[in-house]
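Secondary and tertiary structure notes
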Amino acid sequence: MLRDATEEDVNLMLSWRNQEINRMASRTHHVISADEHAHWWATVRADPARRVLIYLRDGLPCGVVNFFDLRFDAPRTGSWGFYLDADALAERGETLPAWIDVMRAAVDHAFDVLNLDRLDGEVLAHNTAVRQMNRRFRFVEGTGRAEVHDGREITVIPISLDRAARRRR
């Protein structure tokens, strides 16, 4: 289940984003400061092309889904990303079920609530587990591009899922 993020969620989001596994799966690896996070949150809250949602598992906040670059004219498109409270989920042995559940909830939200025609995202080339899960959800990979972040070169691969492909079984 997803719900809108609130001021009360800000510290949770920051603590989850700064977990090592989430930093290593992101463009930037540095620990995000409270000031940097507060600036991001203020910017997000003022942007009509963004939605930040909290993923709930068994009623507990366990992750963040971030929709951005939302376009509500035709074609209706948007980008997304997510991260989980990886440490707590691992302790409970719920990482994989939560991962599948948050992806399903996010895709459903994108197409059923936001009514998008296409959902876009990105994945780092070295993140083979995420790439495999994206394929299971029918995302299609584009051509990767090299970028430099935090002094290291990474390959970022665009992904997309069209409404029609989502429904195919």
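Overview of the structure.

What about the pattern of salt bridges?
On inspection of all chains with the given rule, the structure shows 15 salt bridges. The salt bridge partner of Asp101 is Arg57, with a shortest N-O separation of 4.0 Å. Separated by 44 residues along the polypeptide, Asp101 in helix H5 (residues 95–113) and Arg57 in strand E2 (residues 51–57) bring together distant segments of the chain. Using a relative accessible area of 24% as the deciding quantity, one classes Asp101 as partly exposed. Taking relative accessible area as the criterion, Arg57 reaches 17% and is therefore assigned buried. Linked through salt bridges whose partners overlap, the residues forming this network are Arg27, Glu122, Arg145 and Glu147.

Quick notes on the environment of Trp16
Relative to the helices and strands, Trp16 resides in helix H1 (residues 10–17). The residues touching Trp16, leaving out its near neighbours within four places in the chain, are Asn22, Ile54, Pro61, Cys62, Gly63, Val64, Tyr83, Leu84 and Asp85. A distance of 3.1 Å separates the side chain of Trp16 from the side chain of Asp85, its partner in a polar contact.

Side note on helix H6 (residues 128–136)
For an α-helix, the turn length of 3.6 residues means that residues three or four places apart are oriented alike. Among the residues of H6, those classed as buried are Arg131, Met133 and Asn134. On an axial view of H6, the arc spanned by its buried residues comes to 165°, and they lie on one face. Away from the buried face of H6 by more than 90 degrees, exposed residues Thr128 and Arg136 are located. In this structure, the buried residues of H6 make contact with H5, strand E5 (118–124), strand E6 (140–141) and strand E8 (152–162).

Things to note about unusual backbone geometry
Residue Pro75 is reached from Ala74 by a cis peptide bond, and omega for that bond is -10°. One can find Pro75 in the loop between strand E3 (60–71) and strand E4 (77–84). For Asn115, which is not glycine, the phi dihedral falls at a positive 60°. Within the secondary structure, Asn115 sits in the loop between H5 and E5. Judged by its relative accessible area of 39%, Asn115 is partly exposed.

So, the packing of H1 against helix H3 (residues 34–45)
Close contact between H1 and H3 brings their axes to 11 Å; oriented N to C, the two are set at 120°. Between H1 and H3, the interaxial angle falls into the category oblique. The way H1 lies across H3 gives a crossing that is right-handed. For the pair H1 and H3, the contacting residues are Val10, Met13 and Leu14 in the first and Ala34, His37, Trp40 and Trp41 in the second. Tallied by class, the residues present in the contact of H1 with H3 amount to 6 nonpolar, 1 polar and no charged.

About the cut-offs
- Residues numbered from 1 in each chain as written.
- Predicted model: local features only at pLDDT ≥ 70, side-chain atom pairs only at ≥ 80, totals over all residues.
- Heavy atoms only, no water.
- Salt bridge = Lys/Arg side-chain N within 4 Å of Asp/Glu carboxyl O.
- Helix = DSSP H or I, 4+ residues; strand = E, 2+ residues; numbered from the N terminus.
- Buried < 20%, exposed > 50% of the residue type's maximum accessible area, 1.4 Å probe, protein only.
- Contact = heavy atoms within 4.5 Å.
- Polar contact = N/O pair within 3.5 Å; in protein donor to acceptor, adjacent residues only side chain to side chain.
- Arc of directions from axis to C-beta.
- Axes fitted to C-alpha atoms, helices over the stretch in contact; angles between N-to-C directions.
- Parallel < 35°, antiparallel > 145°, perpendicular 65-115°, else oblique.
- Left-handed = near helix turned anticlockwise from the far one by under 90°.
- Nonpolar A, V, L, I, M, F, W, Y, C, P; charged D, E, K, R; others polar.

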